[in-house]
Amino acid sequence: MPQITSELLLTKGLPRSTRLWDIKTLNLSGMQLKTNDLDPELFSQMRSLQELNLSGNLLSDIPSDLKLPNLRVLNCADNQLEDVTLLEHLSALEELNYDDNLYMTISDDYKVMCLLPKLRRLNGKDITSSANHVRFVNGRELTNRVSAHWDQNYKNQLPQSFSATHINAVRKDFVKSAMVQIKYGPNSLRDFTKWRVKIIAENFVSSLVEPKENTDAGSEEDTKTANAGVTHKAAKSPRKPNRIVASAFPEESPSKRLCLQPNSAAVSPRTPSRLPSSPRSCAVSPLQPRECKKETTDPLMTKNTPKKSKVTSSPKHGPHDPQQKVIDLEPLHFLQCHSKDNSSKDFTTQLWACAFEPSLDCSSGEGTRSSRTVATCGGESVCIIDCETGHVLKKYKVSGEEFFTLAWTSLTMVAADQQKRKFNVLAAAGLKGVVKLIHTKANFCYGEIKAHQKPIATIAFSTKQETFLFTGSYDKRIILWDIGIPDADYNFNASRLLTLEIDSTPLRMALVPSCPDRYLLAACENGCFAWNITLNTQQGRRQCEVEIQFPIYEKEDKESDYHLVDGLAFLNDDIVASKSAMQGSIYLWSWSQSLKNQKNKRGKKVDAYILAELQWSQTDLPYLMLCSCPEKDYVLCGDEEGRVWMYDVSMCKTKSTSKKVTGPTQILKWPTLSSVGVGKLKGTMINGVTVDPSFGYLVYITDKNIVAIWKIK
């Protein structure tokens, strides 16, 4: 039986010019290899190796000193493996196959789910939802039981002031007792439960002597500990969150699935107010009825609007750098696609969110290409629009709902033929507190998650874990969900993983790009806050770790409260654009530099490290959301008069902080619009604005049921 050597690798079809550190895929299947034949020194040179096939050999284990930091796929089926815990060091694994290993059991499946935090497929099956349930929900339950076991049987054995010596005297007995007394789950998982209880109990006892802070949980070692057990700081058990299990259409026949149909009629004209407590209202005069000759998805008429509209800022809006890029814009379409009862007279439905669909076509080698498909929501409907043609491709309606927010993600489904296929899912939510999951290409809503008892104000998908969805609600909570990946029949499981506590409504959320699995930043009605979202089994609820303080707060008085932060977007991995209602400007600030202020102050409240201040409208109306285009260094925000303020901030990223307020690069004014039977339409509040990644289209949504689409030249 040959030892793995450089010469042997050449027999596997690799050219002699191949360098070991360039190998990405290696097939060593069916070579009758034993564990000793795997040379750690040789494999340590294969730092680029991503896929390794060791199936059909005689391996009893995978050596722990086999360092393969980038290995994503491992096939060790048809061997003689006995212990999956030896795979822990392969922390980057996403796919693992150990079928046909005689000694492997279901307990080993659960162990490997805990040990490998990125594992998504096991033995040919998608385990996304079940793995996260095992890692976090199961872990929290066992942690609670370990903590309760300590409180009931061992806590009183220690004096009020105890040392490591006292702890060590009861450590062994406590761990052994916990493994015997704590039972959870079916008998088939008894071995797994004992294994995990042992880890949790040992960490719990250690934490009583050397409690660890949770603020640095992003390291590799902490990740391993979090997935295998828990580092417990206190004996008090956290409240256990409920697990939500959602099937595609529970207790309903397939015929009850809600399909997306273009131009479907509304069932109810109800339009509830989104923010009854806010000073904002939609003042629209009653319109005279007229006969509707065309579907209202047709564009409104533009009058006296040039096809190429080059708009620049007025001198009264403050200075702007002459090196800033001024762009040309061409008006394409103005649509009323969210009308109640499909009526062209509806200029009152408020539109709340818009987002471009991520592109799935990266085969050209150009990376993620721009998409020209945008999703918009407002009233009872969600629309999918082709920006170039202005066609409403799909329309999804729910009677009695009012959609406030939406977000896209791309999932990888394994079809019935076992082929992987990537597809886009649109999540939308609002008044009813329910998240609708829509497979836009398949043209139907395949499921829903009852996420909150109160309306959902904002949602956001993780940029690192495509199934992780954050929902922010008027119940003053942000919840992290794993929505799972639907199977070929669109069955899926959704699990609640984490609850973030706040004392006001979250309005916008963003994961910190430099550490998207560690920090979530949220703009809320009473400030801007950040949470550590590192997943572990210690707690299901968390308070914020950081509250950002802005200079505008110093101008507050009895009549003006600037704590309502209603705009938030990252410009790159570090720079944030945000604004407070009634502020009259937009701040650009550094996340990393602000965090350094926290370390210096050792408190939650930290001063934002301001890089620049951009002049904006003096309106006192809140909830006008801004957006950024990181690829082009642009920040955009609509106002109460139908204008879009546009800022080229490329120079701001390199210059030092300045107290001068910088004016907009240009302002896109409200065009001259008219509607048959209504006449000229005046400018209105622009609730949201977005641009596609390549800066080809600009879309904004208004309080008058108008979706505006412009071409960026």
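Residues numbered from 1 in each chain as written. Predicted model: local features only at pLDDT ≥ 70, side-chain atom pairs only at ≥ 80, totals over all residues. Heavy atoms only, no water.

Caption draft 1: Summary view of the overall build of the protein. Assigned secondary structure in the protein consists of 8 helices and 40 strands. Looking at the protein as a whole, 57% of its 713 residues are labelled buried. Considering only contacts in the protein between residues 6 or more positions apart, those separated by 24 or more positions represent 60%. A total accessible area of about 31,100 Å² is found for the protein, and carbon and sulfur atoms account for 47% of it. (Helix = DSSP H or I, 4+ residues; strand = E, 2+ residues; numbered from the N terminus. Buried < 20%, exposed > 50% of the residue type's maximum accessible area, 1.4 Å probe, protein only. Contact = heavy atoms within 4.5 Å. Areas by Shrake-Rupley, 256 points an atom, 1.4 Å probe, with all protein chains shown as cover.)

Caption draft 2: Summary view of the nonpolar core. Of all hydrophobic cores here, the largest spans 41 residues; its most connected members are Phe-43, Leu-52, Leu-68, Leu-74, Leu-96 and Tyr-98. At 4 residues, the largest contribution of residues to this core is made by helix H3 (residues 106-115). Ignoring any residue separated from it by four or fewer positions in sequence, one finds Leu-74 in contact with Leu-52, Leu-54, Leu-87, Leu-90, Leu-93, Glu-95, Leu-96 and Asn-97. Counting 25 residues, the second largest nonpolar core, distinct from the first, contains Val-546, Val-565, Tyr-587 and Ala-608. (Core = buried A, V, L, I, M, F, W, Y, C linked by side-chain atoms within 4.5 Å.)

Caption draft 3: View of the packing of aromatic side chains. Applying the stated criterion across every chain, the model contains 20 aromatic pairs. A ring pair is formed by Trp-150 and Phe-204, whose centres lie 5.7 Å apart and whose planes are at 65 degrees; its orientation type is edge-to-face. Of this pair, Trp-150 sits in helix H4 (residues 128-153) while Phe-204 sits in helix H6 (residues 190-209); the two residues are 54 residues apart in sequence, bridging distant segments of the chain. Centroid distance Phe-192 to Trp-195: 6.0 Å. Interplanar angle 35 degrees. Geometry classified as tilted. A residue pair is termed a helical-turn pair when its members lie 3 or 4 positions apart in one helix, as Phe-192 and Trp-195 do in helix H6 at 3 residues. In terms of burial, Phe-192 and Trp-195 fall into one category: buried. Of the aromatic side chains, those joined through ring pairs into one cluster are Trp-150, Tyr-154, Phe-174 and Phe-204. (Phe/Tyr/Trp six-rings, centres within 6.5 Å; stacked < 30°, edge-to-face > 60°.)

Caption draft 4: Inspection of the sheet that holds strand E16 (residues 444-450) at higher detail. Strand order in the open sheet made by the 4 strands is E13-E14-E15-E16, with antiparallel pairing throughout. The open sheet has two edge strands, strand E13 (403-414) and E16, and neither has a second partner. Recorded for the sheet is a direction-independent mean angle of 25 degrees between the axes of neighbouring strands. Alignment of strand E14 (residues 420-430) against strand E15 (residues 434-439), held across 4 bridges, turns out to be antiparallel. For Ala-427, the partnering residue across the bridge sits in E15 and is Leu-437. (Pairing = 2+ DSSP bridges. Axes fitted to C-alpha atoms, helices over the stretch in contact; angles between N-to-C directions.)

Caption draft 5: Representation of the packing of H4 against helix H5 (residues 164-181) in the model. The contact between H4 and H5 brings their axes to 11 Å, and the two run at 125 degrees. What the angle tells us is that H4 and H5 run oblique. Considering only the axes of H4 and H5, their crossing is right-handed. Between H4 and H5, the contacting residues are Val-146, His-149 and Trp-150 on the first element and Ile-167, Val-170, Phe-174, Ser-177, Ala-178 and Gln-181 on the second. Here the residues of the contact of H4 with H5 sort into 6 nonpolar, 3 polar and no charged. (Parallel < 35°, antiparallel > 145°, perpendicular 65-115°, else oblique. Left-handed = near helix turned anticlockwise from the far one by under 90°. Nonpolar A, V, L, I, M, F, W, Y, C, P; charged D, E, K, R; others polar.)

Caption draft 6: The pattern of salt bridges, seen in detail. Within the structure shown, the criterion is met by 13 salt bridges. With its nearest N and O atoms 3.0 Å apart, the salt bridge here joins Asp-191 to Lys-111. Taken together, the positions of Asp-191 in helix H6 and Lys-111 in helix H3 put the pair 80 residues apart, joining distant regions of the chain. What makes Lys-111 buried here is its relative accessible area of 9%. For the salt bridge of Asp-517 with Lys-464, the shortest nitrogen-to-oxygen distance reads 3.1 Å. Placement of the pair is Asp-517 in the loop between strand E21 (506-511) and strand E22 (519-524) and Lys-464 in the loop between strand E17 (456-461) and strand E18 (468-473), with a sequence separation of 53 residues. (Salt bridge = Lys/Arg side-chain N within 4 Å of Asp/Glu carboxyl O.)

Caption draft 7: Layout of H5. Here H5 contains 18 residues, and its C-alpha end-to-end distance of 24 Å stays within 8% of the 26 Å for a straight helix at 1.5 Å per residue. Residue Arg-171 marks the point of greatest curvature in H5, where the axis turns by about 40 degrees. By the burial criterion, the buried members of H5 are Ile-167, Val-170, Phe-174, Val-175, Ser-177 and Ala-178. (Expected span 1.5 Å × (residues − 1). Bend = angle between axes of the 7 residues up to and from the residue.)

Caption draft 8: Broad picture of the sheet that holds strand E25 (residues 546-549). Pairing within the open sheet is mixed, and its 5 strands lie in the order E21-E22-E23-E25-E29. Two strands lie at the open edges of the sheet, namely E21 and strand E29 (605-607), each paired on one side alone. Averaged over all pairs of adjacent strands, the angle between strand axes in this sheet comes to 30 degrees, irrespective of strand direction. Pairing of E25 with E29 involves 3 bridges; the strand directions are parallel. Looking at the pairing, Glu-547 lines up with Lys-605 of E29.

Caption draft 9: Here's a closer look at the side chain of His-452. Note on placement: His-452 falls in the loop between E16 and E17. Residue classification places His-452 among the buried positions, given a relative accessible area of 2%. Side-chain polar atoms of His-452 contact the side chain of Thr-471, separated by 2.7 Å. (Polar contact = N/O pair within 3.5 Å; in protein donor to acceptor, adjacent residues only side chain to side chain.)

Caption draft 10: A look at the packing of H3 against H4. Running from amino to carboxyl end, H3 crosses H4 at an angle of 80 degrees, the nearest separation of the two axes being 9 Å. If you check the angle between H3 and H4, you find them roughly perpendicular. Counted together, Tyr-110, Met-113 and Cys-114 of H3 and Ser-130, Ala-131, Val-134 and Arg-135 of H4 form the full contact between these two elements. By residue class, the composition of the contact of H3 with H4 is 5 nonpolar, 1 polar and 1 charged.

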